[in-house]
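# Structural overview
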Amino acid sequence: MEIKTIMVIGAGQMGGGIAQVCAAAGYTVYLNDLKQEYIDKGLARIEKNLSKQVSKERITQDDLNGTMDRLKPTTDIHDAKHVDIVIEAAVENMEVKGNLFSRLDEIAPEHTILATNTSSLPITEIAAVTKRPEKVIGMHFMNPVPVMKLVEIIRGLATTDESYQAVEKLAVDLGKTAVEVNDFPGFVSNRILMPMINEAIYTVYEGVSSPEDIDSVMKLGMNHPMGPLTLADFIGLDTCLYIMETLQEGFGDDKYRPCPLLRKYVKAGWLGRKTGRGFYQYQD
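Just so you know, these numbers come straight off a predicted model, no measurement behind them.

### Digging into the domain arrangement of the protein
- Each assigned domain of the protein is listed here: domain 1 (5-182) and domain 2 (194-274).
- At the junction of the two partners, domain 1 supplies 9 residues and domain 2 supplies 4 residues.
- In this assembly, domain 1 packs against domain 2 so that about 450 Å² is buried in total across both faces, 63% of it on carbon and sulfur atoms.
- Of all residues in domain 1, Glu92, Ser120 and Asn143 bury the most surface against domain 2, accounting for 57% of the area lost on that side.
- If you look at where domain 1 meets domain 2, you find 0 salt bridges.

### Structural notes on the pattern of salt bridges
- Under the defined criterion, the tally for this structure stands at 8 salt bridges.
- Among the salt bridges present, the one from Lys97 reaches Glu92, with a minimum N-O distance of 3.7 Å.
- Linking Glu180 and Arg155 is a salt bridge whose minimum nitrogen-to-oxygen distance equals 2.7 Å. Of this pair, Glu180 sits in strand S8 (residues 177-182) while Arg155 sits in strand S7 (residues 150-155), and the two are 25 residues apart along the sequence.

### Some details on the nonpolar core
- Ranked by internal contacts, the top residues of the largest apolar core, which has 36 residues, are Ile6, Ile85, Ile87, Met139 and Leu170.
- If sequence neighbours within four positions are ignored, Ile87 has contacts with Ile6, Met7, Val8, Ile9, Ile18, Cys22, Ala115, Met139, Phe141 and Leu170.
- Counting 24 residues, the second-largest nonpolar core is a separate cluster that includes Met194, Leu241, Cys259 and Leu261.

### Some remarks on helix H4 (residues 94-107)
- Here H4 spans 20 Å end to end across 14 residues, near enough to the 20 Å set by a 1.5 Å rise per residue.
- Of all the residues in H4, the buried ones are Met94, Lys97, Gly98, Leu100, Phe101, Leu104, Asp105 and Ile107.
- If you follow the buried residues of H4, they end up packed against strand S1 (5-9), strand S4 (85-88), strand S5 (113-116), helix H5 (123-127), strand S6 (136-141) and helix H10 (237-251).
- Its side-chain oxygen at 3.0 Å from the backbone nitrogen of Glu95, Asn93 defines the N-terminal cap of H4.

### Description of the sheet that holds S6
- On the basis of which strands lie adjacent, the open sheet formed by 8 strands has the order S3-S2-S1-S4-S5-S6-S7-S8 and mixed pairing. Looking at which strands have only one partner, the edges of the open sheet turn out to be strand S3 (71-74) and S8. Across the sheet, the mean angle from the axis of one strand to that of its neighbour is 25°, orientation sign disregarded.
- Relative to S4, S1 runs parallel, the two being bridged by 4 bridges. The residue of S4 that forms the bridge with Ile6 is Ile85.

### Points about the packing of aromatic side chains
- This model, assessed by the stated rule, comprises 4 aromatic pairs.
- On the numbers, 4.9 Å between centres and 35° between planes, the contact of Tyr265 with Phe279 is tilted. Pair noted here: Tyr265 is in helix H11 (residues 260-268) and Phe279 is in the segment after H11, with a separation of 14 residues, a long-range link. By the burial criterion, Tyr265 is buried, and Phe279 matches it.
- Here the aromatic residues Tyr265, Trp270 and Phe279 are joined through ring pairs into a cluster of three or more.
- Cation over ring: Arg277 sits above Trp270, and NZ or CZ is 3.8 Å from the ring centre.

### Considerations on a positive patch on the surface
- Residues Lys48, Lys52, Lys56 and Arg58 make up a contiguous surface patch of positive charge.
- You can see Lys52 is positioned in helix H2 (residues 36-55).

Rules used in this analysis
- Residues numbered from 1 in each chain as written.
- Predicted model: local features only at pLDDT ≥ 70, side-chain atom pairs only at ≥ 80, totals over all residues.
- Heavy atoms only, no water.
- Domains from an automatic or database assignment.
- Contact = heavy atoms within 4.5 Å.
- Buried area = accessible area lost by both parts, 1.4 Å probe.
- Salt bridge = Lys/Arg side-chain N within 4 Å of Asp/Glu carboxyl O.
- Helix = DSSP H or I, 4+ residues; strand = E, 2+ residues; numbered from the N terminus.
- Core = buried A, V, L, I, M, F, W, Y, C linked by side-chain atoms within 4.5 Å.
- Buried < 20%, exposed > 50% of the residue type's maximum accessible area, 1.4 Å probe, protein only.
- Expected span 1.5 Å × (residues − 1).
- Polar contact = N/O pair within 3.5 Å; in protein donor to acceptor, adjacent residues only side chain to side chain.
- Pairing = 2+ DSSP bridges.
- Axes fitted to C-alpha atoms, helices over the stretch in contact; angles between N-to-C directions.
- Phe/Tyr/Trp six-rings, centres within 6.5 Å; stacked < 30°, edge-to-face > 60°.
- Lys NZ or Arg CZ within 6 Å of the ring centre and 35° of its normal.
- Patch = residues over 30% accessible without salt bridge, like charges linked within 9 Å, V, L, I, M, F, W, Y side chains within 5 Å.
- Areas by Shrake-Rupley, 256 points an atom, 1.4 Å probe, with all protein chains shown as cover.
- Lys, Arg positive; Asp, Glu negative; His and termini not counted.
- Charge placed at Lys NZ, Arg CZ, Asp CG, Glu CD.

The following block contains the structure:
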């Protein structure tokens, strides 16, 4: 199957980034969200990102204009009837995703692949609400999408080779490196990353060292580009907590138990960069 037209659901940081790279690669992209104001913010963010690339002479003004022209803003989910693949980047909540995929299953053409950008939720469970589980797949981009090269492609229990190959080709066309992953909690990336972040938070909680020094150890001693606590703030502490809870529930293993300090920060509203405070404080 050949993918020509794409719908991205969710115009936030992840969805906007996915829409940007798809449109830049020459695909027609319907960018969908619940409200026009969300889409307008997403489009403004995309144009700002592309303008920076123009100023650095990495792309031309014509490239920017062409990318923006291929983005079709819409608040109508029924536009899914025009596309070959839907990439969902909505809130990380099973009930929300289940309701969304059930609706998309009714609207989208029979050939359309339904992909989710979930970072931890089971693809097989999402697929079960549809009548096309063989065409449901995970397409987990890394943040920030225009910069990061990796895409985890996650097979559900019923995902066919044809669906996988179509999504793999799309990822390659977007300039990404596709890695095949089976459907287990956290997949590969977050199953390894989140327990490391959680252990770093335990190290703060137990008074072993300060956030700054813990991050320095991992950057200078382990050659990580960003310390785990800085990264946690960037991801969002609420997201980190949710993924740890998903891992603990999915595996039934207390080694994935979220650190009490992580829970405390989330309850306090200290979610990281997006709220101005997490393990560090942010002016902007």
